[in-house]
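The chain contents come next:
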Amino acid sequence: MYKSILITGGARSGKSTLAERKALAPCGRAVYIATAEIWPGDTEMAERIARHQARRGADWHNLHAPRDLCAALRGSDSAGGPPRLVDCLTLWMTNLLLAEADWRAEVRALAAETARQEAPVIFVTNEVGMGIVPENALARRFRDAAGWMNQAMAEACDEVWLAVAGYPTRVKPNEHTF
Amino acid sequence: MYKSILITGGARSGKSTLAERKALAPCGRAVYIATAEIWPGDTEMAERIARHQARRGADWHNLHAPRDLCAALRGSDSAGGPPRLVDCLTLWMTNLLLAEADWRAEVRALAAETARQEAPVIFVTNEVGMGIVPENALARRFRDAAGWMNQAMAEACDEVWLAVAGYPTRVKPNEHTF
Amino acid sequence: MYKSILITGGARSGKSTLAERKALAPCGRAVYIATAEIWPGDTEMAERIARHQARRGADWHNLHAPRDLCAALRGSDSAGGPPRLVDCLTLWMTNLLLAEADWRAEVRALAAETARQEAPVIFVTNEVGMGIVPENALARRFRDAAGWMNQAMAEACDEVWLAVAGYPTRVKPNEHTF
């Protein structure tokens, strides 16, 4: 069985749906680790989270970890235990940047923690670097940090998939020698 | 022979050229269904349309369907008839949003109509979700709607291809089990 | 051995690292052809270039060709000679657009020059067309030009790869018949 998977893709590419299906596959239940920081007044995000929770239903145990993903993984891990789904890494990175945290160190710690997990873990992340260079410097910093994180977590995971229009295309392992 | 194909890709990724080649392959002629609403004064779009029509030439029968794609598909369908090329779904979605139409219902109807077609149909669409989150809310709504539509139409079509630098990479069917 | 490769991908997708590894593979040394125009006061770009040069080290011979890539390729080419890495084509296109050059002619010349090379050459470029349509007209022109160039150079090269989260996915040649 897979041990760690990274699913990346654009907005509304079906990443979360694919990840949820994969997380439930082994035993019909899974742990959902949400990273979204819910800010007062952000109704767009709050509505999205509520929609997602309602759709997932009772097969899921819900955790909230906007900052300390390593602790959430350690606390939910057990040999033979249910898969954990982290949704998503780009919101986590947003939180790290807003808190002016040492995000490179945090990503390295998460990659190391991933390697120590006994139960499966699936990470959802976003492709954010295939548009025009953003005009504002903060967006450029976010884009660079998210790309750096995606590379580090892709290296840490056994499998990497790119979601396109709801379908998973395999990135790692890849049968073509570069 | 293929029955329905979705070709997605970024701006200037060669989607339309690939779709045109594929549409002409069976019998050397095809029906072009343009969805672009031509607004007074939008010279950028008008020039692009004129360039595309001139390049395509006499093998094509041209239809214009900025809103009612289902009617255009029904009206141009016949067993053994020429393929239809719809270019493109993202402009159609733009028209639906501007008209404040029930776009989810319209997409579901198009997916159902696609399944009923006798002659082949090829849809061109755009990847618009792999950049930074847009700052304005309308752009975010469009991005969400376009992604949702791409998933629904990918599910409805027999094949899905992602154009990268003019080359088609296959998304559906996919030989890798997720 | 490969003769010409195009590596495309989003920002921070690992394109340059992959390209460098590939360039050094045949003989442990290679020629780096930088296209970045360094403008007075652009500390963001200057720092990035310095970081990259420091990381690459002594195995590289460094050239600078912000405009005349054909001359740089001709001048560094020899049968059995080391690979050349051009990093990157999108910065080169930026320079052409700022200089109001005939960029279509320049791209065609580069494609033709690529076909005449004896030693291997690797081009790094960017996917810039998978986000929302940019609001300003200059960004749209750049996006169109970059996409057109990527198609032309992909056709000119023996291999095309898309970098996703640090991993290369093969675009050309492709075993799936479209």
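Attention here is on the structure that accompanies the text. (Residues numbered from 1 in each chain as written. Chains lettered and ligands numbered in written order. Predicted model: local features only at pLDDT ≥ 70, side-chain atom pairs only at ≥ 80, totals over all residues. Heavy atoms only, no water.)

### Details of empty space enclosed by the protein
Okay, so step 1: Enumeration according to the criterion identifies 4 cavities of 30 Å³ or more in this entry.
Okay, so step 2: A volume near 350 Å³ is recorded for the largest cavity.
Okay, so step 3: For the lining of the largest cavity, the elements supplying multiple residues, two or more each, are strand S6 (159–164) and strand S7 (167–172) of chain A, strand S7 (167–172) of chain B together with strand S6 (159–164) and strand S7 (167–172) of chain C.
Okay, so step 4: When its residues are assigned to classes, the lining of the largest cavity shows 9 nonpolar, 9 polar and 6 charged. (1 Å grid on protein atoms, 1.4 Å probe; cavity = no way out; pocket = protein on both sides within 12 Å on 5 of 7 lines; lining within 4 Å. Points joined across faces, edges and corners; volume = space filled by probe spheres on them. Helix = DSSP H or I, 4+ residues; strand = E, 2+ residues; numbered from the N terminus. Nonpolar A, V, L, I, M, F, W, Y, C, P; charged D, E, K, R; others polar.)

### Thoughts on the relation of the copies chain B and chain A
Okay, so step 1: Expressed as a screw transformation, the operator carrying chain B onto chain A has a rotation angle of 120 degrees and an axial translation of 0.0 Å, and the superposed copies differ by an RMSD of 0.0 Å. Taken together, the turn and the small shift mark the pair as related by a three-fold rotation axis. Among all residues of chain B, the minimum C-alpha distance to the rotation axis is found for Gly131 of chain B, at 2.5 Å. (Least-squares fit on C-alpha atoms with pLDDT ≥ 70 in both.)

### A short note on the pattern of salt bridges
Okay, so step 1: Counted by the stated rule, this structure contains 27 salt bridges over all chains.
Okay, so step 2: Here Arg12 of chain A and Asp144 of chain B are joined by a salt bridge, their closest N and O atoms 3.6 Å apart. Taken together, the positions of Arg12 of chain A in the loop between strand S1 (4–9) and helix H1 (15–24) and Asp144 of chain B in helix H6 (residues 137–156) put the pair across two chains.
Okay, so step 3: Classification of Arg12 of chain A as partly exposed rests on a relative accessible area of 23%. (Salt bridge = Lys/Arg side-chain N within 4 Å of Asp/Glu carboxyl O. Buried < 20%, exposed > 50% of the residue type's maximum accessible area, 1.4 Å probe, protein only.)

### Describing the interface of chain C and chain B
Okay, so step 1: Contacts between the two partners involve 24 residues from chain C, matched on the other side by 29 residues from chain B.
Okay, so step 2: Here chain C packs against chain B, burying approximately 2,300 Å² in sum over the two surfaces, 64% of which is carbon and sulfur.
Okay, so step 3: Here chain C is connected to chain B by 3 salt bridges.
Okay, so step 4: Along the contact surface separating chain C from chain B lie 12 residue pairs in polar contact (both at pLDDT 80 or more).
Okay, so step 5: Put simply, the parts of the chain that give the side of chain C that touches chain B at least two residues each are helix H6 (137–156) and S7 of chain C.
Okay, so step 6: Broken down by element, the side of chain C that touches chain B gets its largest block of residues, 9 residues, from H6 of chain C.
Okay, so step 7: Split by residue class, the side of chain C that touches chain B holds 7 nonpolar, 9 polar and 8 charged. (Contact = heavy atoms within 4.5 Å. Buried area = accessible area lost by both parts, 1.4 Å probe. Polar contact = N/O pair within 3.5 Å; in protein donor to acceptor, adjacent residues only side chain to side chain.)

### A look at helix H4 (residues 89–98) of chain A
Residues and elements named next belong to chain A.
Okay, so step 1: Buried residues dominate H4, accounting for 7 of its 10 residues.
Okay, so step 2: Considered for burial, the residues of H4 that qualify are Leu89, Thr90, Trp92, Met93, Asn95, Leu96 and Leu97.
Okay, so step 3: Those residues of H4 that are buried are in contact with S1, helix H3 (69–75), strand S4 (84–87), helix H5 (103–116), strand S5 (121–124) and helix H6 (137–156).
Okay, so step 4: Just downstream of H4 lies Glu100, where phi reads positive at about 55 degrees.

### Brief notes about the pairing of strand S3 (residues 60–64) of chain B
Residues and elements named next belong to chain B.
Okay, so step 1: As judged from the 5 bridges shared by strand S2 (residues 30–34) and S3, these two strands associate in the parallel manner. Bridged to Ile33 within S3 is Leu63.
Okay, so step 2: Traced from S2 through helix H2 (residues 43–56) to S3, the parallel crossover comes out right-handed. (Pairing = 2+ DSSP bridges. Right-handed = clockwise from strand over helix to strand, strands pointing away.)

### Considerations on the packing of helix H4 (residues 89–98) of chain C against helix H5 (residues 103–116) of chain C
All names here are of chain C.
Okay, so step 1: Between H4 and H5, whose axes approach to 10 Å, the crossing angle comes to 145 degrees. Considering how the two elements wind past one another, H4 and H5 form a crossing that is right-handed. For the pair H4 and H5, the contacting residues are Leu89, Trp92, Met93, Leu96 and Leu97 in the first and Trp103, Glu106, Val107 and Leu110 in the second.
Okay, so step 2: In terms of residue class, the contact of H4 with H5 is made up of 8 nonpolar, no polar and 1 charged. (Axes fitted to C-alpha atoms, helices over the stretch in contact; angles between N-to-C directions. Left-handed = near helix turned anticlockwise from the far one by under 90°.)

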